[in-house]
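Chain by chain, the residues:
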Amino acid sequence: VTEGKPAVVDLVPVTGVEPDELLQKAASLESGSEHPLAQAIQSAASSRGVETRSVVNFEAISGKGVRGDLDGKRLLLGNARLLDEHGVDTGLPGQEAKAFADEGKTVIYVAEEGALLGVLTISDPVRSDSAQAIARLRAQGLSIVMLTGDTRQSAERVAREVGIETLFAELLPEEKSRQVERLQEAGKVLAMVGDGINDAPALARADVGIAIGSGADVAIESADITLMQSSLTGVADAIALSRATLRNIWQNLFGAFVYNSLGLPVAAGVLYPVFGLLLNPMIAAAAMSLSSVTVVTNALRLRSVPLQRRQATGKRTSFTRPD
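Within each chain, residues carry numbers counting from 1 in the order of the written sequence. Restriction of local features to residues with pLDDT of at least 70 applies here, the model being predicted, together with a cutoff of 80 or more for giving and counting side-chain atom pairs; totals for whole chains, interfaces and linings are based on all residues. Excluded from the side-chain calculation are hydrogens and water; included are all heavy atoms of the structure.

**Structural notes on the overall build of the chain**
At step 1: Going along the chain from the N terminus, every DSSP run of H or I of four or more residues is numbered as a helix, and every run of E of two or more is numbered as a strand. Across its full length, the chain carries 12 helices and 12 strands.
At step 2: Expressed as a percentage of contacts within the chain between residues at least 6 apart in sequence, the contacts between residues at least 24 apart total 55%.
At step 3: Calculation of accessible area relied on Shrake-Rupley with a 1.4 Å probe; when residues are assessed, cover is drawn exclusively from the protein chains displayed. Surface accessibility of the chain: about 17900 Å² in total, with carbon and sulfur atoms responsible for 55%. Should any heavy atoms of two residues lie within 4.5 Å, those residues are counted as being in contact.

Below, the structure written as structure tokens:
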């Protein structure tokens, strides 16, 4: 739904902490992470000329953040849930952070030795074609549900922009998977679309897992389909092409059934006692070849299935199923 290339917008250090010091410690800690938010923090540090330093005992905490040691001091970076678990008081910057969250920005807290250093706010703009892709999916008769680990404010902002009415926010990876399971128990057939490590359990649990090609390797391995481009239009294309393929299969099966139902009895001589008709073997061989040509020709019609063309490349979005 979003661009997937978030950027640091604001630095809010506590009193006595310089903005560059806050950014340096955050970027140093995130240097061991491949998360898009981590890349945004490192990019911000690079653009400001802030050098990162070596962190030891790095650990990623799924759905919450990361931690590690810098100069013998324990650093924490993540969401409010992570800091609450470690007894860190967010204090006054937390109030300002709430205002940022109300604007739909992602808020990242940084703490050292149990004391808050400050917060970073990160914005991830919505893709220009996401609203159109969601509208196409709805036109295909699908219901859209958003599952995200982001704050409710951020999730609601994105949902409003792209036209999603049902959402579940602030979910841990296992909670996403449980939510998928609950929907399945309610009789829903689910396709889960995701690109991150936190999406992998839900992708594996869904009836069909669809990974974004630019996403994490574990998400791609957990999915059934991998989109080659980072756009939700590929999801609508995959569904349209899948439905057209199934229709084509049924048409070919029906044609083969009718052909064999008529041709086999004649070839076996059923009409000979009454009408004296027999089927010349050469004609039967030609008819069989014609049947194969008919099936192949019908299958080739799938090339004309209308798919969303990418404006940037003029190419259709393609997809593949991993082995």
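**Things to note about helix α10 (residues 233-267)**
At step 1: Compared with the 51 Å implied by 1.5 Å per residue over 35 residues, the 50 Å span of α10 between its first and last C-alpha is a close match.
At step 2: Summary of the burial criterion: residues with accessible area below 20% of their type's maximum are buried, those above 50% are exposed, and those between are partly exposed, where the area comes from a 1.4 Å probe applied to protein chains only. Within the span of α10, buried status applies to Thr233, Gly234, Val235, Ala236, Asp237, Ala238, Ile239, Ala240, Ala244, Asn248 and Asn252. The span you would expect from a helix comes to 1.5 Å times its residue count less one.

**Let's talk about the packing of α10 against helix α12 (residues 281-300)**
At step 1: Between the N-to-C directions of two axes lies an angle of 0 to 180 degrees, each axis being a line fitted to C-alpha atoms and, for a helix, fitted only over the stretch in contact. The geometry of α10 relative to α12 is characterised by a closest axis approach of 9 Å and an angle of 165° between their N-to-C directions. Looking at the two axes, α10 sits roughly antiparallel to α12. Crossing geometry of α10 relative to α12 is assigned as right-handed. Note on element contacts: α12 touches α10 through Ala284, Ala287, Met288, Ser291, Val295, Asn298 and Ala299, opposite Asn248, Gln251, Asn252 and Tyr259. Roughly parallel covers angles under 35 degrees, roughly antiparallel covers those over 145, roughly perpendicular covers 65 to 115, and oblique covers all other angles. The crossing is said to be left-handed when, going from far helix to near helix, the turn is anticlockwise and less than a right angle, and right-handed when the turn is clockwise.

**Topic: the side chain of Ser28**
At step 1: The residue Ser28 is located in helix α1 (residues 19-30) in this model.
At step 2: Classification of Ser28 as buried rests on a relative accessible area of 0%.
At step 3: Residues contacting Ser28, with those up to four places away along its chain left out, are Thr52, Arg53 and Val55.

**Examining helix α2 (residues 36-47)**
At step 1: With 12 residues, α2 ought to run about 16 Å at 1.5 Å a step, and its terminal C-alpha atoms sit 16 Å apart, in line with that.
At step 2: Turning to α2, its buried residues are Leu37, Ala38, Ala40, Ile41, Ala44 and Ala45. What you see down the axis of α2 is that its buried residues fit within an arc of 160°, all on one side. Along α2, the residues that are exposed and aim more than 90 degrees away from the buried face are Ser46 and Ser47. Working definition: the arc comes from the directions between the helix axis and the C-beta atoms, pointing outward to the latter.

**As for the pattern of salt bridges**
At step 1: In the sections that follow, a salt bridge refers to a side-chain nitrogen of Lys or Arg positioned within 4 Å of a carboxyl oxygen of Asp or Glu. Counted under the stated rule, the structure contains 12 salt bridges.
At step 2: For Glu21, the salt bridge is made with Lys25, and the minimal N-O distance between the two is 3.4 Å. With a gap of 4 residues between them, Glu21 and Lys25 both fall in helix α1, about one helical turn apart.
At step 3: Judged by relative accessible area, which is 30%, Glu21 ranks as partly exposed.
At step 4: Arg136 serves as the salt-bridge partner of Asp237, at 3.0 Å between the closest nitrogen and oxygen. Note that Asp237 is positioned in helix α10 and Arg136 in helix α5 (residues 130-139), a separation of 101 residues in sequence.

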